[in-house]
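Fold and geometry: a report
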Amino acid sequence: MENASINKKSYNKIVDDWAKIRNNSAVNKPIIDFLEKIKPNGDILDIGCGSGNPIAKYFSENNYSIIGIDFSEKMIEIAKSQEIKNSQFIVSDFFDFETDKKFDGIVAWDSLFHFPKERQKELYSKIYDLLLPNSYFLFTHGKKEDEHMDKMFGEPFYYSCLSRNSVLELMTDLGFELEYEIENFVEENTTRDWVVLAKKISKT
Ligand SMILES: C[S@@+](CC[C@H](N)C(=O)[O-])C[C@H]1O[C@@H](n2cnc3c(N)ncnc32)[C@H](O)[C@@H]1O
């Protein structure tokens, strides 16, 4: 569905409202738990990092190195303007992102549900390849297979996801092990349908 490309335009338009909200958001508990699993001073990739606040900032304050990628130029502009130490923010669609680097942890907080439905499957193998053995992947997700449009701050947004079972099957086949999953995670009056922390198992 080409509607996924609408998101970039829409995020560029609502960036100020978005940044305001995220400047006043607490760091969610799963983000804090995730970081406790990552080796000190490790490298973290933040997929769909938005304004860099509060997630990338929190990682940096705890002495981790962060690469944040987002296809919204305006989001990356804001993220860069915060001068978050040990961070690099890159304008890139996740599917075009290339690096030789491997990460100790990858976070995709509220971003995977914007990816095109027909490309949802391939993102897990790409993430798997970007991770070091025995490293962690934290993400939020819907629970049911879905594809729809919605509005935020008056702008249109595209959403899609696979079913919970398909995602778990894909991940298990690749070599991920589930650390935990939370359904209907509520914090600060915001609900995430499904929060997942998975570990890439070393195949050696
Ligand atoms: C709901 S926001 C979440 C931002 C951030 N993770 C946070 O917690 O504030 C989703 C972000 O994902 C980005 N995004 C959506 N699809 C993307 C893609 N294919 N590649 C890179 N970034 C994408 C959007 O531009 C947006 O900044």
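No experiment lies behind these values; they were computed from the predicted model shown. (Residues numbered from 1 in each chain as written. Predicted model: local features only at pLDDT ≥ 70, side-chain atom pairs only at ≥ 80, totals over all residues. Heavy atoms only, no water.)

As a further point, take the packing of aromatic side chains. Inspection of the entire model under this criterion finds 13 aromatic pairs. A network of ring pairs unites the aromatic residues Tyr124, Tyr128, Phe137, Phe139, Phe176 and Trp194 as a single cluster. Sitting over the face of the ring of Phe95, Arg119 holds its NZ or CZ atom 4.1 Å from the ring centroid. The cationic tip of Lys126 hangs over the ring face of Phe94; the distance from NZ or CZ to the ring centre is 5.1 Å. (Phe/Tyr/Trp six-rings, centres within 6.5 Å; stacked < 30°, edge-to-face > 60°. Lys NZ or Arg CZ within 6 Å of the ring centre and 35° of its normal.)

To continue, consider the packing of helix H1 (residues 6–23) against helix H4 (residues 73–81). Between H1 and H4, whose axes approach to 7 Å, the crossing angle comes to 35°. Residue-level contacts link Lys8, Tyr11, Asn12, Val15, Asp16, Trp18 and Ala19 of H1 to Glu73, Lys74, Met75 and Ile78 of H4. For the contact of H1 with H4, the per-class residue count stands at six nonpolar, one polar and four charged. (Axes fitted to C-alpha atoms, helices over the stretch in contact; angles between N-to-C directions. Helix = DSSP H or I, 4+ residues; strand = E, 2+ residues; numbered from the N terminus. Contact = heavy atoms within 4.5 Å. Nonpolar A, V, L, I, M, F, W, Y, C, P; charged D, E, K, R; others polar.)

Okay, the pattern of salt bridges next. Under the criterion given, the structure shown has 12 salt bridges. Note that Glu183 and Lys143 form a salt bridge whose closest N and O atoms lie 3.8 Å from each other. With a gap of 40 residues between them, Glu183 in strand E8 (residues 176–187) and Lys143 in the loop between strand E5 (131–141) and strand E6 (146–152) connect regions that are remote in the sequence. On the basis of relative accessible area, Glu183 is assigned to the partly exposed category, the value being 40%. With its nearest N and O atoms 2.8 Å apart, the salt bridge here joins Arg164 to Glu181. Of this pair, Arg164 sits in helix H6 (residues 164–174) while Glu181 sits in strand E8; the two residues are 17 residues apart in sequence, bridging distant segments of the chain. Its relative accessible area of 23% is what places Arg164 among the partly exposed residues. The class for Glu181 is partly exposed, based on a relative accessible area of 29%. (Salt bridge = Lys/Arg side-chain N within 4 Å of Asp/Glu carboxyl O. Buried < 20%, exposed > 50% of the residue type's maximum accessible area, 1.4 Å probe, protein only.)

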